[in-house]
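Single-letter residue listing:
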Amino acid sequence: MLASEAAMTKSYLTTSTGSKAKVHRRKHAIPVIKHIAKDNDQEKQEVLTKPIELSRVIHFLEDPLAATLKERQIFALKKVVKRCQKGFLLKELADVFKILYICAEKSKDHPEYTSVLCDLLKICRLPFLKEKTSDEVTYAQTVKESFSQMGFLMRVPNAEVRNQICHSIISVYSSVTSKHSVDGMDSLSKPAAASKPAVASHRFSKQSMRLHPTSLGYRVQLLEQSGLAETLVLSMALLENQPAVKLQVLQTLQMLSSSSDVNCSLILKAQGAQQICFHMNEPDPSGQVLFRSSEILWNLLERGCKEEVTAQLSNMDCIMALKEAFLHQLLNGFRHYDFQLRNDLLVITTLIAENPKSPLIESLFAKQLILFVTFPELKSHNPLVRNLKLSYNNEDFEMKRLLLNLVVVMSKDLSALQLFKEGHVVLALLHLVKPTAAPPEGQSGPRNWTPVQQEELQLQALATLATVAPLMLDDYMICQGNTCLLLLLEWCTERDAYFGQGHSFHGTGGRGSKKAQMRYCVRLLRSMVSLGNEAINQDLFDQGAMSQLLGNDRRHLPFWNITAIMDISILIPNASFTKYLCFSIILSTTFPVIIMQMEGSPEEEDVITLEIKADIQLILSALCENNPHRKELFGSEGVEMTVHFLKMSTEKFYSGLGHNKLILSTVDCVWSCIVGCYTTEDVFLEKEGIFLLLDLLHSSPRNMQNVVLGTLLELCDNPKTMSHILAWRGQKSLTTPGLLLQLWRQEEAELGVSRDLYGRISDPKKPILCYYQEEDDSQVSLPANRPSAAVMDVSENLRSKIYSVFCKLGFEALPGLSMEDYITLSIVTRYLDFKVGEVWNEISKELSLEGVRPVTPDEEALDTIAKMTEDTARRVITQQSSMLEQRDKEDVSEEKRMYTEISSNWKQQELTAQSWEHFVAKTSNYKILKETKEHQERSIDSSRPKSKHKETIFHPTQIHGLQITNFCGRLMTVESTPAHLTGGPLANTELALERVPIQGGALRKLPTATEDPEYFNTVSVK
């Protein structure tokens, strides 16, 4: 039957060319039967029909003579559908989409073609088929063009066609295998049982056994390159009257944007973010349009260019659409799904707020959002919040956090500060900051946030205030912000049953304690005092901050009193008794005490602890700077704190936890809180603070030495400091002048100053010139408000500070200097002269660059100054050379002395060797022994006096006849007292204090007696 139909079709196509006038029915084609042996040599037959040619179908559809043969064309198209029901071949893909194009054109006038068009598009859901692996590369361009044509088919006004196109696109990203497998694929993967012979079907062929589907990655990659996503966005303008189709397109765009960055770029290229936002609030019975639209915007923000997305959404129409959607979800939503969608829209709004060009304020959306920021902390009669009730669930909690984050983002726009002022944002944040008092026992409090949520909101409010409060000083002062923060700090130092959870980002490290609250409270105080606003600092001082910092009075109030006073200070900011109450309770915990308590805790140091310590010291520095009275209040407690941290091991500088910041803040605290007040300076000197600073200067990194040396220089104004500086000794007996000169040499090596091998000046015209000063020798005159390189050099390195310290110490009679140090000291002594010469040299060059010729006296003066500077450098070089010559002479004399000492040592060794040889000779040669004996006797006789008294009796001590050289004679031996009587050589020899027992025995020290004192110094003998 199929063969006869094919023959009829072929006969008609022959006539359609115009070669014949009539249509002749051809004879039935004879089927071709082929014998195939399968399964135990059973012969099966397979009918192979001649396949239909797509090119002839295209010719048939395009032939103008066949325009009226609509039924035959549809019949041919259905045969194509039947033939390709397992998928389209890659090599036939161009013809298939040409047929689709023809059908789309014909469907405008003949809707009957629409069903065939839908059937062909339904086949596009299946993977394309390839005969060879190389087909994917060969027909890649064809596949891309085919996907593009599929997008262009969206112009067909039929809803079913458009839905089929969307389904086909979505199926490309599906990795699930189609229910209809390709011909022969199942038989290859699952062999048939041997007992049941395979029955051939007319739909199978040998060719189908060799077909394989293209891979998922191949289809996705070519779809991305085809630009189909951009076409779908543009087609949304044609779907105004087809909401169901528009929803399907949104679903397709959601799929495309969620899986590919390329698709997101294409969507943005077609202004997709803006178009989707425009239509997100259209009537939708299903309620999915808003959800799909927000998901697409989310995908574009995550996978696309965020700046491009926010730029497209930063127009009045998009802002109003977002505003309408958010308010609808906030006021009318009641499902969990509605709450999540509301929060998603709020995140998108926050990202738009980061764009300074967004009309968020002009659309009044920002004002409404600020109203929600202060709800429910502040009561309002605004209709938007009058009937608004929060369920205090996780989604509401998330919305509250997003609103606080929005405040931080909007604070970058100064025009939003007026909205913050009108909405009392600072007041609402201070309400969130205060600790929550537990309800009385037996009573349940009003429904509110859980303790965990309250903790996170409290911490985030503190972090938000750290950004907003410095921009709104008036509101901060009106709301008594300093008082609230000091009361919160008081609560942080109390020991109670509070247990921090530490789950949130801001609560890191605060589990089981109030460390997180203290961290952000101290950070906020640091942000305020670092502004340098004297009104804020004075108010902080008036509220008792310095007393709290210095711990003069330690009275503790119960928790409920603290929260009550915070309520009073917030709600009645102008009350006169507020300051009195606050001042009476603030005098409690001290910052130094807080730090020392943290130091004494058994917990290991972490980043948060070190940050709190550093911030506290920065607050103290900001409060005490340039105020002698506050420096005096710093007192011994503050000095003890700074001394404690100056003793920190230098090995912790590179721990990565922040010890370097802590030691730097400690030095800043010494500079700002101690220097300038002799009372505090004396305490610092008593605790060996100068020694600690010098140790730190010796071991600290180079970038910290400038600050430490500056602090030392400021302390040198105190006359008592000089003795401490000169008494310091470092490793290998290093003295302070030696350390300073060592730093000078290191600084010059870093700056590239020209020096010879011995450290002398190598160029008298540039005695202290740095390499960057030589490089900056430009031919352009500097403006008057810009310092020159020579002036900048004074403030950017250590040499000026080292010279200033030596001006305090003096340049002579300095201890512990080597010859290298003296050579360097000769340069340091003339540093000011050399620097003045550099400045005058720059003035001369600047005049020449500007074409100004000084008058003759001035020109002579400039030449004289330059010559004097050069002569000074030459004199220093001569002095340095004489030092080196003197050192060489000293080295030569030292070498001679060492040589003389070595020679004397060798001479003594020679005499010792000769004496031993003579001794050995006496024992082996009798003649030598006899001569030695005679020489000994002559020496003895010569040593005796020649004159003798007549009455004197001479007793000879020598024994005649001995032939030895040893001194032998009549001797008397006296035995010592026995050891058992004296107690040995280690016994006590103070016999006058010993009491000899009556029974006799050794002189032993008896126990202390209680008898008459007359026996204490007596000795009894038996």
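Residues numbered from 1 in each chain as written. Predicted model: local features only at pLDDT ≥ 70, side-chain atom pairs only at ≥ 80, totals over all residues. Heavy atoms only, no water.

1. Brief notes about the overall build of the protein
Thought 1: Secondary structure assignment for the protein yields 48 helices and four strands.
Thought 2: Buried residues in the protein amount to 44% of all 1022 residues.
Thought 3: For the protein, restricting intrachain contacts to residue pairs at least 6 apart in sequence, the fraction spanning at least 24 positions comes to 76%.
Thought 4: In the form shown here, the protein has an accessible surface area of approximately 56,000 Å², with 55% of it arising from carbon and sulfur atoms. (Helix = DSSP H or I, 4+ residues; strand = E, 2+ residues; numbered from the N terminus. Buried < 20%, exposed > 50% of the residue type's maximum accessible area, 1.4 Å probe, protein only. Contact = heavy atoms within 4.5 Å. Areas by Shrake-Rupley, 256 points an atom, 1.4 Å probe, with all protein chains shown as cover.)

2. Describing the nonpolar core
Thought 1: Of all hydrophobic cores here, the largest spans 223 residues; its most connected members are Leu-253 and Phe-420.
Thought 2: Setting aside its immediate chain neighbours within four residues, Leu-253 contacts Ala-229, Leu-232, Val-233, Met-236, Ile-267, Ile-276 and Ile-296. (Core = buried A, V, L, I, M, F, W, Y, C linked by side-chain atoms within 4.5 Å.)

3. Topic: unusual backbone geometry
Thought 1: Along the chain, Phe-375 connects to Pro-376 via a cis peptide bond; the corresponding omega equals 5 degrees.
Thought 2: Following the sequence through the fold, Pro-376 ends up in the loop between helix 19 (365-373) and helix 20 (383-386).
Thought 3: Of note, Tyr-392 is a non-glycine position whose phi angle comes to about 55 degrees, a positive value.
Thought 4: Looking at the secondary structure, you find Tyr-392 in the loop between helix 20 and helix 21 (394-410).
Thought 5: For Ser-733, which is not a glycine, the phi torsion comes out positive at approximately 60 degrees.
Thought 6: One can find Ser-733 in the loop between helix 39 (721-727) and helix 40 (736-751).

4. Concerning the packing of aromatic side chains
Thought 1: On inspection of all chains with the given rule, the structure shows 11 aromatic pairs.
Thought 2: Relative to Phe-811, the ring of Phe-806 lies with its centre 6.1 Å away and its plane at 15 degrees, an arrangement referred to as stacked.
Thought 3: A relative accessible area of 26% means that Phe-811 is categorised as partly exposed.
Thought 4: An aromatic cluster of three or more residues is present, and its members are Trp-744, Tyr-803, Phe-806, Phe-811 and Tyr-831.
Thought 5: Lying over the aromatic face of Phe-334, Arg-335 brings its terminal NZ or CZ to 5.8 Å of the ring centre.
Thought 6: One cation-aromatic arrangement involves Lys-514 over Trp-491; the distance from NZ or CZ to the ring centre is 4.3 Å. (Phe/Tyr/Trp six-rings, centres within 6.5 Å; stacked < 30°, edge-to-face > 60°. Lys NZ or Arg CZ within 6 Å of the ring centre and 35° of its normal.)

5. Structural notes on helix 38 (residues 702-715)
Thought 1: Taking 1.5 Å of rise per residue, 14 residues should cover 20 Å, and helix 38 covers 21 Å from first to last C-alpha, within 8% of that figure.
Thought 2: Among the residues of helix 38, Met-704, Gln-705, Val-708, Leu-709, Gly-710, Thr-711, Leu-712, Leu-713 and Leu-715 are the ones counted as buried.
Thought 3: Buried residues belonging to helix 38 abut helix 35 (659-673), helix 36 (678-686), helix 37 (689-699), helix 39, helix 40 and helix 43 (799-809). (Expected span 1.5 Å × (residues − 1).)

6. Structural notes on the packing of helix 40 against helix 44 (residues 819-829)
Thought 1: The interhelical angle for the contact between helix 40 and helix 44, taken along N-to-C directions, is 70 degrees, at an axis separation of 10 Å. In terms of orientation, helix 40 lies roughly perpendicular with respect to helix 44. Touching Gly-738, Leu-741, Trp-744, Arg-745 and Glu-748 of helix 40 are Glu-820, Asp-821, Thr-824, Leu-825, Ile-827 and Val-828, all from helix 44.
Thought 2: The residue makeup of the contact of helix 40 with helix 44, split by class, is five nonpolar, two polar and four charged. (Axes fitted to C-alpha atoms, helices over the stretch in contact; angles between N-to-C directions. Parallel < 35°, antiparallel > 145°, perpendicular 65-115°, else oblique. Nonpolar A, V, L, I, M, F, W, Y, C, P; charged D, E, K, R; others polar.)

7. Remarks on the packing of helix 33 (residues 607-624) against helix 34 (residues 628-646)
Describing two packed helices takes the angle between their axes plus the distance from one axis to the other.
Thought 1: For the pair helix 33 and helix 34, interaxial distance at closest approach is 12 Å and the crossing angle is 150 degrees. Taken as axis vectors, helix 33 and helix 34 run roughly antiparallel relative to one another. Judged by the twist between their axes, the crossing of helix 33 over helix 34 is left-handed. Facing Lys-613, Gln-617, Leu-620, Leu-623 and Cys-624 of helix 33, the residues of helix 34 in contact are Arg-630, Lys-631, Phe-634, Met-641, Thr-642 and Phe-645. (Left-handed = near helix turned anticlockwise from the far one by under 90°.)

8. Thoughts on the confidence of the model for the protein
Low pLDDT marks stretches whose predicted atomic positions should not be read closely.
Thought 1: Across the protein, pLDDT averages 79, with 77% of residues at or above 70.
Thought 2: Predicted confidence is poor over residues 176-206, with pLDDT under 50, and the contacts of this stretch with residues over four places away or in other chains come to 36 contacts.
Thought 3: Counting interchain partners and residues more than four positions distant, the pLDDT-below-50 stretch residues 991-1022 has 24 contacts. (pLDDT = per-residue confidence, 0-100.)

9. A short note on helix 28 (residues 534-542)
Thought 1: Those residues of helix 28 not exposed but buried are Ile-536, Asn-537, Asp-539, Leu-540 and Phe-541.
Thought 2: Between the side-chain oxygen at the start of helix 28 and the backbone nitrogen of Ala-535 there is a gap of 2.9 Å, and the oxygen is on Asn-533. (Polar contact = N/O pair within 3.5 Å; in protein donor to acceptor, adjacent residues only side chain to side chain.)

10. Details of the pattern of salt bridges
Thought 1: Tallied over the entire structure, the rule returns 37 salt bridges.
Thought 2: Put simply, Arg-523 and Glu-611 hold a salt bridge, and the shortest N to O gap is 2.4 Å. Of this pair, Arg-523 sits in helix 27 (residues 515-529) while Glu-611 is found in helix 33, placing the two residues 88 residues apart along the sequence.
Thought 3: Arg-853 is the salt-bridge partner of Glu-859, the closest N and O atoms lying 3.4 Å from each other. (Salt bridge = Lys/Arg side-chain N within 4 Å of Asp/Glu carboxyl O.)

11. Observations regarding the side chain of Ser-257
Thought 1: For Ser-257, the location among the structural elements is in helix 12 (residues 243-259).
Thought 2: Among the residues examined, Ser-257 registers a relative accessible area of 0% and is labelled buried.
Thought 3: Side-chain polar atoms of Ser-257 contact the backbone oxygen of Gln-254, separated by 3.2 Å.
Thought 4: Among residues more than four places away in sequence, those in contact with Ser-257 are Cys-264, Ile-267, Ile-296, Asn-299 and Arg-303.

12. A closer look at the side chain of Glu-838
Thought 1: The topology assignment puts Glu-838 in helix 45 (residues 831-849).
Thought 2: You can call Glu-838 buried: its relative accessible area is 10%.
Thought 3: For Glu-838, the side chain forms a polar contact with the side chain of Lys-835, separated by 3.0 Å.
Thought 4: Excluding residues within four positions of it along the chain, Glu-838 makes contact with Ile-768, Leu-769, Gln-773 and Ala-790.

13. Points about a negative patch on the surface
Thought 1: Judged by side-chain charge, Glu-885, Asp-888, Glu-890, Asp-891 and Glu-895 come together as a negatively charged surface patch.
Thought 2: Position of Asp-888 among the secondary structure elements: in helix 46 (residues 856-924). (Patch = residues over 30% accessible without salt bridge, like charges linked within 9 Å, V, L, I, M, F, W, Y side chains within 5 Å. Lys, Arg positive; Asp, Glu negative; His and termini not counted. Charge placed at Lys NZ, Arg CZ, Asp CG, Glu CD.)

14. Here we look at the state of the cysteines
Thought 1: For the coordinates displayed, the defined rule picks out zero disulfides.
Thought 2: For the unlinked cysteine Cys-677, the closest cysteine sulfur is that of Cys-624, found at 9.6 Å. (Disulfide = S-S within 2.5 Å.)

15. Looking at the environment of His-167
Thought 1: In this structure, His-167 sits in helix 8 (residues 159-172).
Thought 2: For His-167, a relative accessible area of 32% translates into the label partly exposed.
Thought 3: A sequence separation of 46 residues divides His-167 from Leu-121, and the C-alpha atoms of the two residues are 9.0 Å apart.
Thought 4: Residues within four places of His-167 in sequence aside, it is in contact with Arg-125 and Gln-248.

16. Things to note about a nonpolar patch on the surface
Thought 1: A grouping of Leu-832, Val-836, Trp-840 and Ile-843 is seen on the molecular surface, where their side chains present a nonpolar patch of about 330 Å² in accessible area.
Thought 2: Mapping Trp-840 onto the fold places it in helix 45.

17. Some thoughts on the environment of His-336
Thought 1: As for its position among the elements, His-336 is in helix 18 (residues 336-353).
Thought 2: There is a polar contact of 3.0 Å between the side chain of His-336 and the side chain of Gln-340.

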